[in-house]
Amino acid sequence: MDNSIVKLRGYKDGLHLIVNPKISLSEIELAIQELFAKMNQPLTGTSIQIDMRPPVLNPEDFKHLETHLTETYNLVVNGVNIFEESGESPILAAPATHSIATDLSQGQNIDLDNAQVVRQTIRSGQTTRCLSGSVIIYGDVNPGGEVISAGDIVVLGALRGTAHAGANGGLTSVIVAMELVPLQLQIGSYVNRPPVGQKPRGYPEIARVGAEDIIIVEEFIKF
Amino acid sequence: MGKVIVITSGKGGVGKTTSTANIGTALAMIGKTVAIIDADVGLRNLDVVMGLESRVVFTSMDVIDKRCELEKALVKDRRVEDLMLLAASQRNRKDDIKPEQMKDICERLKEDYEYVLVDSPAGIEQGFHNATAGADEAIIITTPDVSAIRDADRIIGLLQNQGIDFINLILNRLSPTLVRKGNMISKNDVLDILNIDLLGIVPEDTGVIASTNRGVPLVHNDGSPGADAYMRIARRITGQNIPIPEMREDSFFSQIVNWFSRKN
């Protein structure tokens, strides 16, 4: 990683402004000014996400930065990614505003009101932890990857790794994936794994704690 | 200004060194200037695979310790013009070199060479960090085994954390016959998990063993399936749009049946 104060990068899901939060706010804003001055086209109206590594900006400074970006440069800030100290995987702190998430939760007992969104594939060795609520993952969870959530887990892709919902002990939490072929599932204090040689079924599935205190998996109807 | 491409895999024995030697040679054969760095300090063998073992006088360690100039440490290939090797020290250990020092060597080499290839050691420790320190892009080598794919997946995550986003995949040692019989993971299954762009497929080619032992990279052996695959990969690296040929995954018998049914 180089040591520039701010960087602008394009990813599959749009532009990310990578901010080094160890620098003072005024220096960050100056660097942003220089960065945008170098660009040929104004970014007016573009939506961006802000990426930071700990220690993160304090909420006041962050609010200030967000307002600064919105008002001075007419940018739309639509997400904040905070990377874990280990640099292993991002945890998104922005609330889910996407309609797809709302669609998902209708008619199902899934708590996505304060869900955190992770816009990347969780690869082997990476862990995404959210101990304040549910997690939505726009991507896959590969074998060796791990998602831990105090609430529910929704994977809008294939869940091939390990998922632990209800990590604070909530037995009503559920795990939903478009393709559910996990190595192992945990809900609250219960653990289960699919039978050896389980193939993807080709439809979304939901895992919950069933009547006999075991994790059961069934077709996820409402979508 | 050239670019630095690290060739890595996580797992050992999947063909990093063989691929580095062949891609480097192939790039030089199509007229590019290439420098290859062996980053496997303490377990070097890129020089052996390229048949340059007896010509290595200085290593990257000598350059770092200022015992010799970088230009002087580069070994010229015996067969192809504009192909240079910077060998690794066999006496030292991977933690004797720091990432910044490797990065500095990469930065200096890419001023003079169009392509700087770095042959990474297996693993995710210091050697990996050194190999990737100066890289602009990465090529991941994997074989169609669950263990190699798992390690490749881990490596992709680590590279992305380092800010290396241009990552391509080479699927090595694919055997169409075994895929057909259901005994090998298919190309599509590998891409489904790793979710990165495919740079090429190298079929299983027994010629690799002989070429390694003779110290003559496979690409010199015109017409072998592996050589052709590496030549195509090199051309794709230079930006040429060369399609990846579909491997025939149907049997010889069914090919004949298809051939007859087409006639009718």
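The sections below set out a description of the structure shown in this document. (Residues numbered from 1 in each chain as written. Chains lettered and ligands numbered in written order. Predicted model: local features only at pLDDT ≥ 70, side-chain atom pairs only at ≥ 80, totals over all residues. Heavy atoms only, no water.)

## Some details on the overall build of chain A
Next, step 1: Of regular secondary structure, chain A possesses 3 helices and 16 strands.
Next, step 2: Across the 223 residues in chain A, those meeting the buried criterion constitute 49%.
Next, step 3: For chain A, restricting intrachain contacts to residue pairs at least 6 apart in sequence, the fraction spanning at least 24 positions comes to 38%.
Next, step 4: Of the roughly 11000 Å² of accessible surface on chain A, 51% is carried by carbon and sulfur atoms. (Helix = DSSP H or I, 4+ residues; strand = E, 2+ residues; numbered from the N terminus. Buried < 20%, exposed > 50% of the residue type's maximum accessible area, 1.4 Å probe, protein only. Contact = heavy atoms within 4.5 Å. Areas by Shrake-Rupley, 256 points an atom, 1.4 Å probe, with all protein chains shown as cover.)

## Focus on the overall build of chain B
Next, step 1: Within chain B one finds 12 helices and 8 strands.
Next, step 2: The C-alpha atoms of chain B give 19 Å as radius of gyration, which agrees with the globular expectation for 264 residues (18 Å, within 12%).
Next, step 3: For the C-alpha atoms alone, the extent of chain B along its principal axes is close to 70 × 40 × 30 Å.
Next, step 4: Within the span of chain B, comprising 264 residues, buried residues form 55% of the whole.
Next, step 5: Put simply, 77% of the contacts in chain B that link residues at least 6 apart link residues at least 24 apart. (Rg over C-alpha atoms; globule rule 2.2 N^0.38 Å.)

## What to know about the packing of helix α7 (residues 146-161) of chain B against helix α9 (residues 187-194) of chain B
Residue and element names in this part refer to chain B.
Next, step 1: In the contact formed by α7 and α9, the axes pass within 10 Å of each other and the chain directions differ by 35°. Helix-helix and strand crossings are classified by hand; for α7 and α9 the assignment is right-handed. Every residue of α9 that contacts α7 at I149, A152, D153 and I156 is listed here: V190, I193 and L194.
Next, step 2: When grouped by side-chain class, the residues that make up the contact of α7 with α9 number 6 nonpolar, no polar and 1 charged. (Axes fitted to C-alpha atoms, helices over the stretch in contact; angles between N-to-C directions. Left-handed = near helix turned anticlockwise from the far one by under 90°. Nonpolar A, V, L, I, M, F, W, Y, C, P; charged D, E, K, R; others polar.)

## A look at the interface of chain B and chain A
Next, step 1: Listed as interface residues are 16 residues of chain B and, on the opposing side, 18 residues of chain A.
Next, step 2: Of the roughly 1400 Å² buried at the junction of chain B and chain A (both faces included), carbon and sulfur atoms supply 33%.
Next, step 3: Three residues stand out in chain B for area buried against chain A, namely B:R150, B:R154 and B:N161, and they jointly supply 37% of the buried area on that side.
Next, step 4: Across the contact surface, chain B and chain A share 2 salt bridges. (Buried area = accessible area lost by both parts, 1.4 Å probe. Salt bridge = Lys/Arg side-chain N within 4 Å of Asp/Glu carboxyl O.)

## A closer look at the state of the cysteines
Residues and elements named next belong to chain B.
Next, step 1: For the structure shown, the criterion picks out 0 disulfides over all chains.
Next, step 2: Its sulfur unpaired, C68 is 16 Å from the next cysteine sulfur, which belongs to C106.
Next, step 3: Under the relative-accessibility criterion, C68 is labelled buried at 10%. (Disulfide = S-S within 2.5 Å.)

## Focus: the pairing of strand β7 (residues 167-174) of chain B
Residues and elements named next belong to chain B.
Next, step 1: When you tally the buried positions in β7, you get 7 out of 8 residues, the bulk of the element.
Next, step 2: Here strand β6 (residues 137-142) runs beside β7; their pairing, made up of 5 bridges, is parallel. Across the sheet, the residue bridging to I140 is L169, located in β7.
Next, step 3: Handedness of the crossover joining β6 and β7 through α7: right-handed.
Next, step 4: Across 6 bridges, β7 lies against strand β8 (residues 197-203) in parallel orientation. By the bridge assignment, L174 is partnered in β8 with P203. (Pairing = 2+ DSSP bridges. Right-handed = clockwise from strand over helix to strand, strands pointing away.)

## Quick word on the packing of aromatic side chains
Residue and element names in this part refer to chain A.
Next, step 1: Per the stated rule, a full pass over the model turns up 1 aromatic pair over all chains.
Next, step 2: Between F36 and Y73 the ring centres are 4.8 Å apart and the planes differ by 80°, which places this aromatic pair in the edge-to-face class. With F36 in helix α1 (residues 25-37) and Y73 in helix α2 (residues 59-73), this residue pair connects regions lying 37 residues apart in the sequence. An identical accessibility class is assigned to F36 and Y73; each is buried. (Phe/Tyr/Trp six-rings, centres within 6.5 Å; stacked < 30°, edge-to-face > 60°.)

## Thoughts on the nonpolar core
Residues and elements named next belong to chain B.
Next, step 1: Formed by 49 residues in total, the largest nonpolar core has its most connected members in I37, L109, V118, I140 and L194.
Next, step 2: Looking at this core, the element that brings in the most residues is α7, giving 6 residues.
Next, step 3: Non-local contacts of I140, meaning those with residues more than four positions away in its chain, are made with T8, A152, I155, I156, L159, I167, N168, L169, I170 and I196.
Next, step 4: One finds Y115, A148, V202 and V219 within the second-largest nonpolar core, a separate group that totals 35 residues. (Core = buried A, V, L, I, M, F, W, Y, C linked by side-chain atoms within 4.5 Å.)

## A closer look at the sheet that holds β7(B)
Residues and elements named next belong to chain B.
Next, step 1: Here 8 strands make up an open sheet; going across it, the order is β3-β4-β2-β5-β1-β6-β7-β8 and the pairing mixed. Every other strand in the sheet has two partners, leaving β3 (75-76) and β8 as the edge strands with one partner each.
Next, step 2: Set on the sheet, helix α5 (residues 99-112) makes contact with β1 (3-8), β2 (34-38), β4 (83-86) and β5 (115-119); between it and β2 the angle comes to about 165°.
Next, step 3: Contacting β1, β6 and β7, α7 runs over the sheet at an angle of about 170° to β6.

## With respect to a negative patch on the surface
Residues and elements named next belong to chain B.
Next, step 1: A cluster of like negative charges, contributed by E69, E71, E107, E111 and D112, occupies part of the molecular surface.
Next, step 2: Per element, the largest residue contribution to the negative patch is 3 residues, and it comes from α5.
Next, step 3: With respect to the secondary-structure elements, E107 resides in helix α5.
Next, step 4: Taking the relative accessible area as the measure of exposure, E107 reaches 31% and is therefore partly exposed. (Patch = residues over 30% accessible without salt bridge, like charges linked within 9 Å, V, L, I, M, F, W, Y side chains within 5 Å. Lys, Arg positive; Asp, Glu negative; His and termini not counted. Charge placed at Lys NZ, Arg CZ, Asp CG, Glu CD.)

## Comments concerning helix α11 (residues 225-237) of chain B
Residues and elements named next belong to chain B.
Next, step 1: Taking 1.5 Å of rise per residue, 13 residues should cover 18 Å, and α11 covers 19 Å from first to last C-alpha, within 8% of that figure.
Next, step 2: Of the positions making up α11, those classed as buried are G226, A227, A229, Y230, M231, I233, A234, R236 and I237.
Next, step 3: Elements that come into contact with the buried residues of α11 comprise β1, α1 (16-29), β5, β6, β7 and β8.
Next, step 4: Two residues or fewer after α11 comes G239, characterised by a positive phi angle close to 100°. (Expected span 1.5 Å × (residues − 1).)

## Considerations on the side chain of B:D47
Residue and element names in this part refer to chain B.
Next, step 1: Structurally, D47 is set in helix α2 (residues 46-49).
Next, step 2: Judged by relative accessible area, which is 1%, D47 ranks as buried.
Next, step 3: The residues touching D47, leaving out its near neighbours within four places in the chain, are L52, E53, V56 and L85.

## A look at α7(B)
Residue and element names in this part refer to chain B.
Next, step 1: End to end, α7 covers 23 Å across 16 residues, agreeing with the expected 22 Å (1.5 Å per residue, within 8%).
Next, step 2: Where α7 is concerned, the buried positions are A148, I149, A152, D153, I155, I156, G157, L158, L159 and N161.
Next, step 3: Summarising the contacts, the buried residues of α7 are in contact with β1, α6 (126-133), β6, β7 and α9.
Next, step 4: The positive-phi residue at the C-terminal boundary of α7 is G163, with phi of around 85°.

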